[in-house]
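Listed below, chain by chain, are the residues.
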Amino acid sequence: MDILILGGAGQVGTELQAPGLWGANARLHAPTRGELDITDGAALAAALGQRAYAAVVNTAAYTAVDKAESEIAAAWTLNAVAPALLAAATAKAGIPLVHVSTDYVFDGTGTGACTPDMPVNPRSVYGASKAAGEMAVRSANPRHAIIRTAWVVSPHRGNFVKTMLRLSAERDRLSVVDDQHGNPTSAGDLAAGLAVIAQRLGTDPGAPTGTHHFVNAGATTWCGFAKRIVAAAARRGGRDIPVDPIPTSAFPTPARRPANSQLSTQSLAQAYGLTPRPWTEALEDILDRLIGPVHQPKETQA
């Protein structure tokens, strides 16, 4: 089974290539941006014609949320135009497409967890471009799975966990936004779910299609997340420093962030039998990989 992974250098793309994730029968192909330009329709068609891919997993995206407010063309090219070209090319080749999207397609004004069938209403260039990419995938390739996620962290690239570890080592106190709510998500857990979905679509013509959400279980705020990171790092020898809550208004950014990024995974469980574990457990595994295991107290002899 040949699987094409796009965006292989990112957090999720890196985890999608983890040893043993796909099983012995899978052959992974993860071309770099220099090897395959996904904004070039002819290049995509040529790449898809090289072998009989069972599925394509697209994790490539313009994810610089604040820069997107000024780099509008770049964000729309990668987040909307590229998925449109990819969906058309995969449909023509008869290949199912798994496409990763984001909580930013919602406006974040409601309460509780957003379900996949809720109307989208993005409040940023990034969110609007990702919503357009979703629409393109739905329109062009009926054999698709759009998987929205949020607050992705891992041992790779830049992300919130690594930023908090760096800042807690440099500063004596942190201030973190406490009025934005969401579900921290392990890139490794998400990748494992994407692999299940891609293999199902690639082997079962009757596999479920449509839009679903994958986030780790449990919700928190950025401040709550930061406190957990600092405390867990302290158990591994890091500095245990105070983390103070602040409102979003105290930390203005060019792009508007959703106040509520919570996503419901109920349809994911119904369609694919996937039930993500709590984010607190996933965080411990990430810190084990970044720092090492929790320090055990030494036994004292009488």
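Quick summary incoming for the structure in this document.

About the thresholds
Residues numbered from 1 in each chain as written. Predicted model: local features only at pLDDT ≥ 70, side-chain atom pairs only at ≥ 80, totals over all residues. Heavy atoms only, no water. Helix = DSSP H or I, 4+ residues; strand = E, 2+ residues; numbered from the N terminus. Rg over C-alpha atoms; globule rule 2.2 N^0.38 Å. Buried < 20%, exposed > 50% of the residue type's maximum accessible area, 1.4 Å probe, protein only. Contact = heavy atoms within 4.5 Å. Areas by Shrake-Rupley, 256 points an atom, 1.4 Å probe, with all protein chains shown as cover. Lys, Arg positive; Asp, Glu negative; His and termini not counted. Charge placed at Lys NZ, Arg CZ, Asp CG, Glu CD. Expected span 1.5 Å × (residues − 1). Core = buried A, V, L, I, M, F, W, Y, C linked by side-chain atoms within 4.5 Å. Axes fitted to C-alpha atoms, helices over the stretch in contact; angles between N-to-C directions. Parallel < 35°, antiparallel > 145°, perpendicular 65-115°, else oblique. Left-handed = near helix turned anticlockwise from the far one by under 90°. Nonpolar A, V, L, I, M, F, W, Y, C, P; charged D, E, K, R; others polar. Salt bridge = Lys/Arg side-chain N within 4 Å of Asp/Glu carboxyl O.

## Comments concerning the overall build of the protein chain
Moving on, step 1. The helix and strand tally for the protein chain stands at nine helices and twelve strands.
Moving on, step 2. For 302 residues, the compact-globule estimate of 2.2 N^0.38 gives 19 Å, and the protein chain sits close to it at 20 Å.
Moving on, step 3. The dimensions of the protein chain, computed from C-alpha atoms along their principal axes, are 70 × 50 × 40 Å.
Moving on, step 4. A total of 302 residues make up the protein chain; the buried ones form 49% of that total.
Moving on, step 5. Put simply, 82% of the contacts in the protein chain that link residues at least 6 apart link residues at least 24 apart.
Moving on, step 6. Summed over all atoms, the accessible surface of the protein chain reaches about 13,600 Å², with 53% contributed by carbon and sulfur.
Moving on, step 7. One finds the centroid of the 26 positive side-chain charges in the protein chain at a distance of 2 Å from the centroid of its 25 negative side-chain charges.

## Points about helix α4 (residues 125-140)
Moving on, step 1. The terminal C-alpha atoms of α4, which comprises 16 residues, lie 23 Å apart, in line with the 22 Å expected from a rise of 1.5 Å per residue.
Moving on, step 2. Buried within α4 are the following residues: Val-125, Tyr-126, Gly-127, Ser-129, Lys-130, Ala-131, Gly-133, Glu-134, Ala-136 and Val-137.
Moving on, step 3. For α4, the elements touching its buried residues are α3 (72-93), β4 (97-102) and β5 (144-149).

## Considerations on the nonpolar core
Moving on, step 1. Membership of the largest hydrophobic core comes to 30 residues, with the highest contact counts inside it found for Phe-160, Val-161, Met-164, Leu-174, Val-176, Phe-225 and Ile-229.
Moving on, step 2. Mapped onto this core, the elements with two or more residues apiece are α5 (160-170), β7 (174-177), α7 (222-234) and α9 (279-290).
Moving on, step 3. Per-element accounting of this core gives the leading share, eight residues, to α7.

## A word on the packing of α5 against α9
Between two packed helices, the angle of one axis relative to the other and the distance separating the axes together describe the packing.
Moving on, step 1. Contact geometry for α5 and α9: axes closest at 11 Å, N-to-C directions at 60°. One way to sum up the angle between α5 and α9 is to call them oblique. Both α5 and α9 take part in a crossing whose hand is right-handed. Two secondary-structure elements touch here, α5 through Val-161, Lys-162 and Leu-165 and α9 through Leu-283, Ile-286, Leu-287 and Leu-290.
Moving on, step 2. Partitioning the contact of α5 with α9 into residue classes produces six nonpolar, no polar and one charged.

## Describing the pattern of salt bridges
Two side chains of opposite charge can pair, provided their charged atoms sit close to one another.
Moving on, step 1. Scanning the model with the defined rule gives 16 salt bridges in all.
Moving on, step 2. Across the pair Asp-66 and Arg-257 runs a salt bridge, and its minimum N-O distance is 2.5 Å. Highlighted residues: Asp-66 in the loop between β3 (53-58) and α3 and Arg-257 in the loop between β12 (243-246) and α8 (266-272), separated in sequence by 191 residues.
Moving on, step 3. On the basis of relative accessible area, Asp-66 is assigned to the partly exposed category, the value being 25%.
Moving on, step 4. Residue Arg-148 is joined to Glu-134 by a salt bridge in which the shortest nitrogen-to-oxygen separation is 2.8 Å. Here the residue Arg-148 occupies a position in strand β5, and Glu-134 occupies one in helix α4, the gap between them amounting to 14 residues.

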